[in-house]
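The chain contents come next:
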Amino acid sequence: SFEEAPLHVLVFTYMGYGIGTLFGYFRDFLRNWGIEKCNAAIEREEQKDFVPLYQDFENFYTRNLYMRIRDNWNRPICSAPGAHFDVMERVSDDYNWTFRFTGRIIKDVINMGSYNFLGLAVKYNESMRTIKDVLETYGSGVASTRHEMGTLDKHKELEDLMAKFLNVEAAMVFGMGFATNSMNIPALVGKGCLILSDELNHASIVLGARLSGATIRPFKHNNIQDLEKLLRDAIIYGQPRTRRAWKKILILVEGIYSMEGSIVNLPQIVALKKKYKAYLYVDEAHSIGAVGPTGRGVREFFGMDPDDVDVYMGTFTKSFGASGGYIAGKKELVDYLRVHSHSAVYATSMSPPIAEQIIRSLKLIMGLDGTTQGLQRIRQLAKNTKYFREKLKEIGLIIYGNDKSPVVPVLLYMPSKVAAFARHMLDRKIGVVVVGFPATPLAEARARFCISAAHTREMLDTVLEAIDEMGDLLHLKYSRHRKSARPVLNDEMNFELDD
Amino acid sequence: MDSKKTYVHLDLEERLAKFMKTEEAIIYSYGFSTIASAIPAYSKRGDIVFVDRAACFAIQKGLQASRSDIKLFKHNDVADLERLLKEQEIEDQKNPRKARVTRRFIVVEGLYMNTGTICPLPELVKLKYKYKARIFLEESLSFGVLGEHGRGVTEHYGISIDDIDLISANMENALASIGGFCCGRSFVIDHQRLSGQGYCFSASLPPLLAAAAIEALNIMEENPGIFAVLKKKCQQIHKALQGISGLKVVGESFSPAFHLQLEESTGSREKDVKLLQEIVNQCMSRSIALTQARYLEKEEKCLPPPSIRVVVTVEQTEEELERAASTIKEVAQAVLL
């Protein structure tokens, strides 16, 4: 489900960047010779003879290309990021070098950008009373690490609940999702081990793998043949110079990839792992609570055994409306991490009100609070996802990703269209996230929509209408497969028997 | 790269920048990631970083992620640092082309977490201008503690804050929240908004905790007297814990977190740790909560000796401090003799 763009689009995209770069050189020349005023901050007088802090070229892209369309990013909001939110209006008098806030607020912007899959990131309401109580009892910060004075009974409660939710033996929670990856992968693997990681893995996984000191070999995105080849080579040839066997082989994948919206091909990877006796680490940051019949992630989505994946990792930022990360799996694994994880020894543990929020969300999703709200939200999310994706395909835009994934990237390709799309959508009171280089490849800038259970049919229809108009205005309808509204009979990525 | 700020975050960034009297501040959602992402954003492969031996683990991880050349100098030894800088200067003269593009950084902590001592900042600033290296100061322990208004070690020594290129601190100690911040001139800080890994690729701080930090800043600004009170209490307990036979106090008298180490080690680290743990357990049974300083023994570059970390807060009364000191004395005498 990764359609190629027509050739003329790629040509125009590269031309666009080329012209931008030429202009960039021209402007830099003018700035150096003082003809044009330099608006960026500059080094202190006393430190002018130090070695320059930034290479000229490092900042070239930021100064000349990103700066032109900078107003589409980092827009501050002033309400909870629910299905509707309020954006602070800001204008720039000097072409995006500085911003000032007009003081006005754009109210009720439809939120298609926040990872709010189950609609749990809302303003305070009465059911959040327990969080207030916890805040009053425990305070806001913990001020210590897990090993020293920072393990609270709230953490134990949360860990037990999380283990039950995922149907594994034990779990451990950490204060930050990014840090969970970058501090635990080094504790699990070290020198003499091999890491096979998907080429599109998140920066936190890449950082964790680099910090561990193991050898890293990337494989093409979701490509099972490439992974199998690498596994065979690793087992046949062993370590590079000594030819000894690798101590451990760890495969790092993600549940849903945030930039592509694709879901990992888990059954085949598990088959490979069992055949070649490697370990599997799945980062479910975007898929926990979002896919699967009861929201338990990609394992449930594919209907596999809980023991098939060795290390489950995920974050609480996306579906649970809190912050933090967890690692779950067999009891031995979690006990080992309790002692050896960098985060447990040096970094602060999770804040108590946040832990309470996660406990509350978990109880809602699991149905332990006595209602079926959790299940309803998950079903609503699946329905919304299906509807939105079908309609987008009908409109004729190129979108990436699996049909069931609630993260929908719409390809825009050209940097100018990226800016135009974001600005026009904000004018119509729809907030979208656009991403360009370097988070995506140079020619594939995109807009990323995140569906939420809190979106109603009307909201989705408003958004779809707006996208339709934008598609006509900006000539975005590149897709050559205009699908009809009839259901698809043969979908290779669909592993369930019936919908 | 999407909108990860609410007006609460903007407010907190402005307040922090104003409080520290710098141009700009940037907020991270986790204390460990703050310095661990700030260092690799500026220092890349081929650059040279001079760092103290007693630097904390977060700094070590930041240096490892940056892949730069690391040169360790003896703890708080300015002469050793000068020697390393001179050696580097000689290297530079051999290869001036390379020297023109190699950046140099000195990374120090205000109050060291591992030893409780303060860094000799005035001499470091002199070295900075002499050898043209930039200073990154990590102020987790000294923010909200040192200085007349709690602005940290620069206020303590009376150094202009413009001389320090980057100050990074976490909000988990003095501000009782979660997260961290970096502050400095816009020229330096703005770069992290696009290239700080812990900032771009991760979620922002929950507004609840950002609001808690703003409230803490309010308290700090409204009662500047608490810093003097805290200093006095630190000095009190520091003095009270002197003279315990078998334990020595390591750390400055005005540092709120200092260490009690065994005067003579038994020879094996495990036995030392067991002895100290015995002291901690007995103090716990007498209602004094203490903890040993924990390290990952295999991962640290320069492993500090085992110790008990004693932390003082401004809320403890003088009687409580006296009682704590006498309990620790009794227990130590009972266990070590």
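The rules behind the values
- Residues numbered from 1 in each chain as written.
- Chains lettered and ligands numbered in written order.
- Predicted model: local features only at pLDDT ≥ 70, side-chain atom pairs only at ≥ 80, totals over all residues.
- Heavy atoms only, no water.
- Contact = heavy atoms within 4.5 Å.
- Buried area = accessible area lost by both parts, 1.4 Å probe.
- Salt bridge = Lys/Arg side-chain N within 4 Å of Asp/Glu carboxyl O.
- Polar contact = N/O pair within 3.5 Å; in protein donor to acceptor, adjacent residues only side chain to side chain.
- Helix = DSSP H or I, 4+ residues; strand = E, 2+ residues; numbered from the N terminus.
- Patch = residues over 30% accessible without salt bridge, like charges linked within 9 Å, V, L, I, M, F, W, Y side chains within 5 Å.
- Areas by Shrake-Rupley, 256 points an atom, 1.4 Å probe, with all protein chains shown as cover.
- Buried < 20%, exposed > 50% of the residue type's maximum accessible area, 1.4 Å probe, protein only.
- UniProt positions renumbered as here; feature names shortened; annotations may be inferred.
- Pairing = 2+ DSSP bridges.
- Expected span 1.5 Å × (residues − 1).
- Phe/Tyr/Trp six-rings, centres within 6.5 Å; stacked < 30°, edge-to-face > 60°.
- Axes fitted to C-alpha atoms, helices over the stretch in contact; angles between N-to-C directions.
- Parallel < 35°, antiparallel > 145°, perpendicular 65-115°, else oblique.
- Left-handed = near helix turned anticlockwise from the far one by under 90°.
- Nonpolar A, V, L, I, M, F, W, Y, C, P; charged D, E, K, R; others polar.
- Arc of directions from axis to C-beta.
- Core = buried A, V, L, I, M, F, W, Y, C linked by side-chain atoms within 4.5 Å.

J.: Would you explain the interface of chain A and chain B in this entry?
T.: Where interface size is quoted, it is often the accessible area lost as the parts come together. Contacts between the two partners involve 60 residues from chain A, matched on the other side by 65 residues from chain B. A buried area of about 5,600 Å², summed over both sides, lies between chain A and chain B, and 63% of it is on carbon and sulfur atoms. The tally of links between chain A and chain B comes to one salt bridge. With a closest N to O distance of 2.8 Å, Glu148(A) and Arg309(B) form a salt bridge. Summed over the shared surface of chain A and chain B, the number is 16 residue pairs in polar contact (both at pLDDT 80 or more). Those elements giving two or more residues to the side of chain A that touches chain B turn out to be helix H2 (60–66), helix H5 (177–188), helix H6 (203–212), helix H10 (331–340), helix H11 (342–346) and helix H12 (352–366) of chain A.

J.: Can you help me understand a nonpolar patch on the surface in this one?
T.: A cluster of nonpolar residues, Leu7(A), Val11(A), Phe12(A), Met15(A), Ile19(A), Phe23(A), Phe26(A), Phe29(A), Trp33(A) and Ile35(A), forms a patch on the protein surface that exposes about 1,100 Å² of accessible area. Of note, Ile19(A) is situated in helix H1 (residues 7–32).

J.: How do you make sense of the pattern of salt bridges when you look at a structure like this?
T.: Oppositely charged side chains can pair when the atoms bearing their charge come close. Residues and elements named next belong to chain A. Scanning the model with the defined rule gives 42 salt bridges over all chains in all. One salt bridge connects arginine 100 with aspartate 93, and the closest N-O pair in it is separated by 3.0 Å. What makes arginine 100 partly exposed here is its relative accessible area of 42%. Each of Arg146, Glu159, Lys331, Asp335 and Arg338 takes part in one network of salt bridges that share partners.

J.: It is not clear to me how the environment of Pro81(A) should be interpreted in this structure. Could you clarify?
T.: Residue and element names in this part refer to chain A. Inspection of the secondary structure assignment puts proline 81 in the loop between H2 and strand E1 (84–91). Note on proline 81: relative accessible area 28%, which makes it partly exposed. A C-alpha to C-alpha distance of 26 Å links proline 81 and glutamate 469, two positions 388 residues apart in sequence. Sequence-distant contacts of proline 81, defined by excluding residues within four places in its chain, comprise Asn111, Ser114, Asn116 and Ala121.

J.: What is the right way to look at the UniProt feature "domain: Aminotransferase class I/classII large" (unreviewed entry) in chain B in this model?
T.: UniProt's entry tags residues 6–328 of chain B with the feature "domain: Aminotransferase class I/classII large" (unreviewed entry), counted in the numbering of this structure. Secondary structure within residues 6–328 of chain B divides into 46% helix and 16% strand; the distance between the first and last C-alpha atoms comes to 47 Å.

J.: Would you take a moment to explain the UniProt feature "domain: Aminotransferase class I/classII large" (unreviewed entry) in chain A for this structure?
T.: Sequence positions flagged by UniProt for "domain: Aminotransferase class I/classII large" (unreviewed entry) are, in local numbering, residues 107–467 of chain A. Structurally, residues 107–467 of chain A comprises 42% helix and 16% strand, and the distance from its first C-alpha atom to its last is 20 Å.

J.: What am I meant to see in the pairing of strand E10 (residues 407–413) of chain A here?
T.: Put simply, side chains in a regular strand alternate between the two faces of the sheet. Residue and element names in this part refer to chain A. Most of E10 sits inside the fold, with seven of its seven residues counted as buried. The side-chain alternation of E10 yields two buried faces, one formed by Val407, Pro409, Leu411 and Tyr413 and the other by Val408, Val410 and Leu412. Sheet analysis places E10 next to strand E13 (residues 445–450), joined by six bridges and oriented antiparallel. Counterpart to valine 408 in the pairing with E13 is phenylalanine 449.

J.: Got a minute to help me understand helix H4 (residues 153–166) of chain A in this structure?
T.: An α-helical segment advances 3.6 residues per turn. Residues three or four places apart therefore align on the same side. All names here are of chain A. Spanning 14 residues, H4 covers 20 Å between terminal C-alpha atoms, matching the ideal 20 Å at 1.5 Å per step. Turning to H4, the residues buried within the fold contact helix H3 (129–138), strand E3 (170–174), helix H9 (298–301), strand E9 (325–329), H10 and H12. The first or second residue beyond H4 is asparagine 167, which carries a positive phi of 65°.

J.: Please explain the packing of aromatic side chains as it appears in this structure.
T.: For any two aromatic rings, the description comes down to two numbers: the centre-to-centre distance and the angle of the planes. Counting across every chain of the model gives 20 aromatic pairs over all chains. Both rings, one in Tyr54(A) and one in Tyr42(B), keep their centres 6.3 Å apart while their planes meet at 35°; by these two values the pair is tilted. On the criterion of chain membership, the pair formed by Tyr54(A) in the loop between H1 and H2 and Tyr42(B) in helix H2 (residues 31–42) is interchain, its members lying in two chains. By relative accessible area, which is 12% here, Tyr54(A) ends up buried. For Tyr42(B), a relative accessible area of 1% puts it in the buried group. Judged by centre distance (6.4 Å) and plane angle (85°), the rings of Phe421(A) and Phe449(A) are edge-to-face.

J.: What's the story with the sheet that holds E1(A) in this structure? I'm lost.
T.: For sheets, the rule is that strands pair by backbone hydrogen bonds, running either parallel or antiparallel. Residue and element names in this part refer to chain A. Spatial ordering of the open sheet is given by E1-E2-E11, a layout of three strands whose pairing is mixed. Strands at the two margins of the open sheet, each flanked by one partner only, are E1 and strand E11 (430–431). Looking at chain direction, E1 and strand E2 (residues 100–111) are connected through six bridges and run antiparallel. Bridge assignment links methionine 88 to a residue of E2, and that residue is isoleucine 105.

J.: What is the right way to look at the UniProt feature "transmembrane region" (unreviewed entry) in chain A in this model?
T.: The feature "transmembrane region" (unreviewed entry), as annotated in UniProt, sits at residues 6–26 of chain A in this numbering. For residues 6–26 of chain A, the end-to-end C-alpha separation is 31 Å, with 95% helix and 0% strand making up the annotated structure.

J.: Whenever I open this one, the packing of H5(A) against H6(A) confuses me. Can you help?
T.: When two helices pack together, you describe them by how their axes are tilted relative to each other and by the distance separating the axes. Residue and element names in this part refer to chain A. One can describe the packing of H5 onto H6 by two numbers: an axis separation of 7 Å at closest approach and a directional angle of 25°. By the angle between their axes, H5 is roughly parallel relative to H6. Seen along the crossing, H5 lies across H6 with a hand that is right-handed. For the pair H5 and H6, the contacting residues are Phe178, Asn181, Ser182, Ile185 and Pro186 in the first and Ala203, Ser204, Ile205, Leu207, Gly208, Ala209, Leu211 and Ser212 in the second. Partitioned by chemical class, the residues of the contact of H5 with H6 number eight nonpolar, five polar and no charged.

J.: Teacher, can you tell me more about helix H14 (residues 318–336) of chain B here?
T.: Residues and elements named next belong to chain B. Helix length check: H14, at 19 residues, gives a terminal C-alpha distance of 27 Å against a target of 27 Å (1.5 Å per residue), a fit within 8%. Of all the residues in H14, the buried ones are Leu321, Ala324, Ala325, Thr327, Ile328, Val331, Ala332 and Val335. In an axial view of H14, the angular spread of the buried residues amounts to 165°, which keeps them on one side of the axis. Of the residues in H14, the exposed ones pointing more than 90 degrees away from the buried face are Glu319 and Ala334. Buried residues in H14 make contact with helix H12 (225–240), strand E8 (247–250), strand E9 (257–262) and helix H13 (269–285).

J.: Before we go on, may I ask you to explain the packing of H5(A) against H10(A) in this structure?
T.: Residues and elements named next belong to chain A. At a minimum axis distance of 10 Å, the contact between H5 and H10 shows a crossing angle of 110°. In terms of orientation, H5 lies roughly perpendicular with respect to H10. Note on element contacts: H10 touches H5 through Leu333, Tyr336, Leu337 and His340, opposite Asn184, Ala187 and Leu188. Partitioning the contact of H5 with H10 into residue classes produces five nonpolar, two polar and no charged.

J.: Is there a simple way to explain the nonpolar core in this structure?
T.: Across soluble globular proteins, nonpolar side chains have a tendency to be buried as a group. Within the largest apolar cluster, 203 residues are counted, with the highest numbers of intra-cluster contacts made by Met112(A), Leu266(A), Phe388(A), Leu392(A), Phe421(A) and Phe449(A). If sequence neighbours within four positions are ignored, Leu266(A) has contacts with Leu280(A), Val282(A), Val298(A), Arg299(A), Phe302(A), Met304(A) and Val309(A). Grouped together as the second largest cluster of nonpolar side chains are 25 residues, Ala240(B), Leu247(B), Leu290(B) and Ile328(B) included.

J.: Would you mind going over the environment of Ala439(A) with me for this structure?
T.: All names here are of chain A. Within the secondary structure layout, alanine 439 lies in the loop between strand E12 (433–435) and E13. In this structure alanine 439 comes out as partly exposed when scored by relative accessible area, which is 33%. Each C-alpha atom of the pair alanine 439 and threonine 62 lies 13 Å from the other, and the pair is 377 residues apart in sequence.

J.: When you look at the sheet that holds strand E11 (residues 307–311) of chain B in this model, what are you seeing that I'm missing?
T.: Residues and elements named next belong to chain B. Pairing in this open sheet of four strands is antiparallel, and the strands run E8-E9-E11-E10 from one edge to the other. Sheet topology places E8 and strand E10 (291–292) at the edges, where each strand pairs with a single neighbour. In this sheet, E9 lies alongside E8 in antiparallel orientation, the contact comprising four bridges. Counterpart to lysine 248 in the pairing with E9 is glutamine 261.

J.: I'm lost on the pairing of strand E6 (residues 166–170) of chain B in this one. Help?
T.: All names here are of chain B. Counted residue by residue, E6 has five buried out of five residues, so it is predominantly covered. Taking every second residue as pointing to the same face, both faces of E6 are buried, with Leu166, Ser168 and Asn170 on one and Ile167 and Ala169 on the other. Of the pairings in the sheet, the one linking strand E5 (residues 134–138) to E6 comprises three bridges and is parallel in character. The partner of phenylalanine 136 across the bridge, within E6, is leucine 166. As paired elements, E6 and strand E7 (residues 180–184) share five bridges and run antiparallel to each other. Its bridge partner being in E7, asparagine 170 is matched across the sheet by glycine 180.

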